Amino acid sequence: MDELLDPDASQAYLRDWQERIARNAANARTAADRIAAVRATAGDGNGLTEVTVDSTGTLLDIRFTDRIHRVPPDAVARAVLAASAAARRTAAEQSRAVVTETLGPDSPAARAIAAQIDAHAAADNGRREGDRA
């Protein structure tokens, strides 16, 4: 007999399906909360500045060392851009790890979110490359 035609089996199937949906929704909420909490801090290679960004790459904080007084302004600008790029890469890596840990590496939702993170990072890299021209 087909399991879906058996009322008890059908109810068990629907219960399992509802539990999977609820578990997936809870995992998605957890992932969203953890991604929202991502912060990444990075400095430039010359020790001029350190920046902090959130999971979207938005600049949250910037700190300069006293060394900025001894270098030209364009060197400080390059240092800020370098530190920002490094922090954004780290934030993207952390966000990708959160998604994989929370939703699982085989989850279609995790793959879709990771693809969005990668696309955002690639677009950001393209803008920076265009700014250097």
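Up top is the structure these notes are about.
Every value quoted in this text rests on a predicted model; they were computed, and no experiment measured them.

**Observations regarding the pairing of strand β1 (residues 39-43)**
Strand residues, when the strand is regular, have side chains that alternate between the two faces of the sheet.
Phase 1: Side chains A40 and A42 project from β1 onto a buried face, and the interleaved R39, T41 and G43 project onto a face without burial.
Phase 2: Where β1 lies against strand β2 (residues 49-54), five bridges are found, and the strand directions are antiparallel. Paired with A40 across the two strands is V53, which belongs to β2.
Phase 3: Linking β1 back to β2 in an antiparallel pair, the connection comprises five residues, with G47 at a positive phi of about 70°.

**Concerning the packing of helix α1 (residues 7-36) against helix α2 (residues 73-103)**
Phase 1: Where α1 contacts α2, the two axes come as close as 9 Å, and the packing angle between them is 160°. If you check the angle between α1 and α2, you find them roughly antiparallel. Where α1 crosses over α2, the two elements pack in a sense that is right-handed. Across from N27, A28, T30, A31, R34 and I35 in α1, the residues of α2 making contact are S95, V98, V99, E101, T102 and L103.
Phase 2: Tallied by class, the residues present in the contact of α1 with α2 amount to six nonpolar, four polar and two charged.

**Some words on α1**
Phase 1: With 30 residues, α1 should reach 44 Å at 1.5 Å per residue; the first-to-last C-alpha distance of 43 Å fits that figure.
Phase 2: Taken as a whole, α1 has its buried residues at S10, A31 and I35.
Phase 3: Turning to α1, the residues buried within the fold contact α2.

**Things to note about the nonpolar core**
Phase 1: Counting nine residues, the largest nonpolar core consists of V38, A40, A42, V51, V53, A83, A86, A87 and A91.
Phase 2: Counting only elements with at least two residues in this core, the list comes to β1, β2 and α2.
Phase 3: No other element matches α2, which puts four residues into this core.
Phase 4: Setting aside chain neighbours within four positions, we find A83 in contact with A42, G43, D44, T49 and V51.
Phase 5: Of all hydrophobic cores here, the second largest spans eight residues; its members include A31, I35, L103 and A110.

**Brief notes about the sheet that holds β1**
Phase 1: Strand order in the open sheet formed by three strands is β1-β2-β3, with antiparallel pairing between adjacent strands. Sheet topology places β1 and β3 (59-64) at the edges, where each strand pairs with a single neighbour. Taken over all neighbouring pairs, the strand axes of this sheet differ in orientation by 15° on average, direction set aside.
Phase 2: Running over the sheet, α2 touches β1, β2 and β3 and is turned about 35° from β2.

**Observations concerning a nonpolar patch on the surface**
Phase 1: Together, Y13, L14, W17 and I21 line one region of the surface with nonpolar side chains, adding up to about 410 Å² of accessible area.
Phase 2: Within the element layout of this structure, Y13 appears in helix α1.
Phase 3: Y13 sits in the partly exposed class, given a relative accessible area of 44%.

**Digging into the environment of A86**
Phase 1: Within the secondary structure, A86 sits in helix α2.
Phase 2: Owing to a relative accessible area of 17%, A86 belongs among the buried residues under this scheme.

Quick notes on the rules
Residues numbered from 1 in each chain as written. Predicted model: local features only at pLDDT ≥ 70, side-chain atom pairs only at ≥ 80, totals over all residues. Heavy atoms only, no water. Buried < 20%, exposed > 50% of the residue type's maximum accessible area, 1.4 Å probe, protein only. Helix = DSSP H or I, 4+ residues; strand = E, 2+ residues; numbered from the N terminus. Pairing = 2+ DSSP bridges. Axes fitted to C-alpha atoms, helices over the stretch in contact; angles between N-to-C directions. Parallel < 35°, antiparallel > 145°, perpendicular 65-115°, else oblique. Left-handed = near helix turned anticlockwise from the far one by under 90°. Contact = heavy atoms within 4.5 Å. Nonpolar A, V, L, I, M, F, W, Y, C, P; charged D, E, K, R; others polar. Expected span 1.5 Å × (residues − 1). Core = buried A, V, L, I, M, F, W, Y, C linked by side-chain atoms within 4.5 Å. Patch = residues over 30% accessible without salt bridge, like charges linked within 9 Å, V, L, I, M, F, W, Y side chains within 5 Å. Areas by Shrake-Rupley, 256 points an atom, 1.4 Å probe, with all protein chains shown as cover. Salt bridge = Lys/Arg side-chain N within 4 Å of Asp/Glu carboxyl O.

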